[in-house]
Amino acid sequence: MNEKKYIHEFTLTELRKEIGKRLKTDTDGEYKDVIKLICEEFGITLDDLYSQSRFEEIQLVRNVCYFILHWHLKISSPKTSAILKKKTHAVVFNGCKKIDERISWDTRFKERVYKLIDECKKLTKMNSNKKTHVITLSKKFMKGHPRSGERTEFKKLFTEGNKIHTIRGNYSYWSAKLDSVIAGEGVLSVREWINRPYKDGQKEIEKLSNVGYQSITIDEQGKIFIEGEEISFETFNMLAQNDGLSLQDFKDWFNFDKIIEDKKRFDGIIIHFTDFKY
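So, here's what we can say about the structure. Note that the coordinates shown come from a computational prediction; the quantities given were computed from them, not determined experimentally.

A look at the packing of aromatic side chains
Then, number 1: On inspection of all chains with the given rule, the structure shows 12 aromatic pairs.
Then, number 2: Ring centres 5.8 Å apart and planes at 15° place the aromatic pair phenylalanine 236 and phenylalanine 256 in the stacked group. One end of the pair, phenylalanine 236, is in helix α11 (residues 233–242); the other, phenylalanine 256, is in helix α13 (residues 256–262), and 20 residues separate them in sequence.
Then, number 3: We classify phenylalanine 236 as buried; its relative accessible area is 9%.
Then, number 4: Looking at phenylalanine 256, the relative accessible area reads 6%, which means it is buried.
Then, number 5: Site record: aromatic cluster; members linked through ring pairs are Phe236, Phe250, Phe254, Phe256 and Phe266.
Then, number 6: Lying over the aromatic face of phenylalanine 109, arginine 102 brings its terminal NZ or CZ to 4.2 Å of the ring centre.
Then, number 7: Over the ring of phenylalanine 154 we find lysine 163; its NZ or CZ atom is 4.2 Å from the centre of that ring.

Some remarks on the pattern of salt bridges
Then, number 1: Following the criterion strictly, the structure yields 12 salt bridges and no others.
Then, number 2: A salt bridge links arginine 151 to glutamate 153; its shortest N-O distance comes to 3.5 Å.
Then, number 3: With a shortest N-O distance of 3.2 Å, lysine 207 and glutamate 204 are connected by a salt bridge.
Then, number 4: In this structure lysine 207 comes out as partly exposed when scored by relative accessible area, which is 30%.
Then, number 5: Salt bridges here are not isolated pairs; linked through shared partners, they connect Lys32, Lys36 and Glu206.

Topic: the sheet that holds strand β3 (residues 186–193)
Then, number 1: Pairing within the open sheet is mixed, and its 3 strands lie in the order β1-β3-β4. What marks the edges here is a single partner per strand, and that holds for β1 (131–137) and β4 (202–208). Sheet twist, expressed as the average angle between the axes of neighbouring strands with direction ignored, equals 30°.
Then, number 2: Looking at chain direction, β3 and β4 are connected through 6 bridges and run antiparallel. When the sheet's bridge partners are listed, serine 189 is paired in β4 with lysine 207.

Considering the pairing of strand β8 (residues 266–272)
Side-chain positions along a regular strand alternate between the two faces of the sheet.
Then, number 1: Counting buried residues along β8, 6 of its 7 residues qualify, which places the element largely inside the surrounding structure.
Then, number 2: For strand β2 (residues 165–169) and β8, the ladder comprises 5 bridges, and the chain directions are antiparallel. Its bridge partner lying in β8, isoleucine 167 is registered against isoleucine 270.
Then, number 3: Where strand β5 (residues 212–218) meets β8, 7 bridges bridge the pair, whose relative direction is antiparallel. Opposite tyrosine 213, over in β8, you have isoleucine 271 as the bridge partner.

Quick word on the environment of arginine 147
Then, number 1: Here arginine 147 shows up in the loop between β1 and α9 (154–159).
Then, number 2: For the pair arginine 147 and aspartate 252, spaced 105 residues apart in the sequence, the C-alpha separation amounts to 9.2 Å.
Then, number 3: Other than its neighbours up to four places away in sequence, arginine 147 contacts Phe141 and Asp249.

A closer look at unusual backbone geometry
Then, number 1: Residues other than glycine seldom take positive phi values, yet lysine 74 does so here, at roughly 60°.
Then, number 2: Position of lysine 74 relative to the elements: it lies in the loop between α5 (56–72) and α6 (77–83).
Then, number 3: Judged by relative accessible area, lysine 74 falls into the exposed class, the value being 67%.
Then, number 4: Even without glycine at this site, glutamate 153 takes up a positive phi of about 65°.
Then, number 5: Locating glutamate 153 in the fold gives a position in the loop between β1 and α9.

A few points about the sheet that holds strand β7 (residues 229–230)
Then, number 1: Strand order in the open sheet formed by 5 strands is β2-β8-β5-β6-β7, and the pairing between neighbours is antiparallel. One side of each edge strand has no neighbouring strand; the edge strands of this open sheet are β2 and β7.
Then, number 2: Along the sheet, helix α10 (residues 171–182) makes contact with β2, β5 and β8, crossing β5 at roughly 165°.

Notes on the side chain of threonine 136
Then, number 1: Within the element layout of this structure, threonine 136 appears in strand β1.
Then, number 2: Since its relative accessible area comes to 11%, threonine 136 is described here as buried.
Then, number 3: With near-sequence residues (within four places) excluded, threonine 136 lies in contact with Arg168, Arg191, Glu192, Trp193 and Gln202.

A word on the side chain of glutamate 192
Then, number 1: As for its position among the elements, glutamate 192 is in strand β3.
Then, number 2: Put simply, glutamate 192 is tucked away with no salt bridge, and the nearest opposite charge, on lysine 203, sits 4.2 Å away.
Then, number 3: Setting aside chain neighbours within four positions, we find glutamate 192 in contact with Thr136, Leu137, Lys139, Lys155, Gly201, Gln202, Lys203 and Ile205.

Cut-offs and rules
- Residues numbered from 1 in each chain as written.
- Predicted model: local features only at pLDDT ≥ 70, side-chain atom pairs only at ≥ 80, totals over all residues.
- Heavy atoms only, no water.
- Phe/Tyr/Trp six-rings, centres within 6.5 Å; stacked < 30°, edge-to-face > 60°.
- Helix = DSSP H or I, 4+ residues; strand = E, 2+ residues; numbered from the N terminus.
- Buried < 20%, exposed > 50% of the residue type's maximum accessible area, 1.4 Å probe, protein only.
- Lys NZ or Arg CZ within 6 Å of the ring centre and 35° of its normal.
- Salt bridge = Lys/Arg side-chain N within 4 Å of Asp/Glu carboxyl O.
- Pairing = 2+ DSSP bridges.
- Axes fitted to C-alpha atoms, helices over the stretch in contact; angles between N-to-C directions.
- Contact = heavy atoms within 4.5 Å.
- Lys, Arg positive; Asp, Glu negative; His and termini not counted.

As structure tokens, this is what we get:
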């Protein structure tokens, strides 16, 4: 009985869903620079591309993405559909055929698309030669936090542009990695733990090349200094919000009570995901 149940644990439909989910997970953030480049060329946003819109202009850009990713960057059709957040890879084949047909008679469009192909190939080659520096966002509040086990929603906040930095200890370690990214020699791979940190692996959210950093200190009295300057209460609120936390969650995350009680300050680094600085 048990063996039979185990054999039939996954139906074919469930298995397809699981494979699709894993393909999507594996491609989160991957080739995003290529997609952005194509969207910029045709004057649409990523939100337009990933929407359910059937406007001819947006569908054309989707088809160009299929054509470049699948036919010219040699990415499989299931993976291409996952990158474009589509449920079926049949759309990839149809989209490629439509672009192939159009370039057969539209010379100007063909020149535009093949120029894009060259730029995309250079971009992927350039990115593949860069060193990847990984930084991982917590999926859940850590053990010891009053909200331990609850979801942080850091990934959602990051993708929506509301978590624009993270704070870590070991300034010298992280500043060296970030200097490499700023110099164009590396990329910052922002990831999320799948479940248990250091045990269940990670999935990439996005690769970043536009990053920055500032020093941060929480002293023995709980005062915060950024680049050596004490910040106001208003800036403290902003700091917590930009880190994806409420003010109280931020205090609990960095254990302010223990810092004050033990009189042992925290010295760390704010890792910026945008151009923003305090």
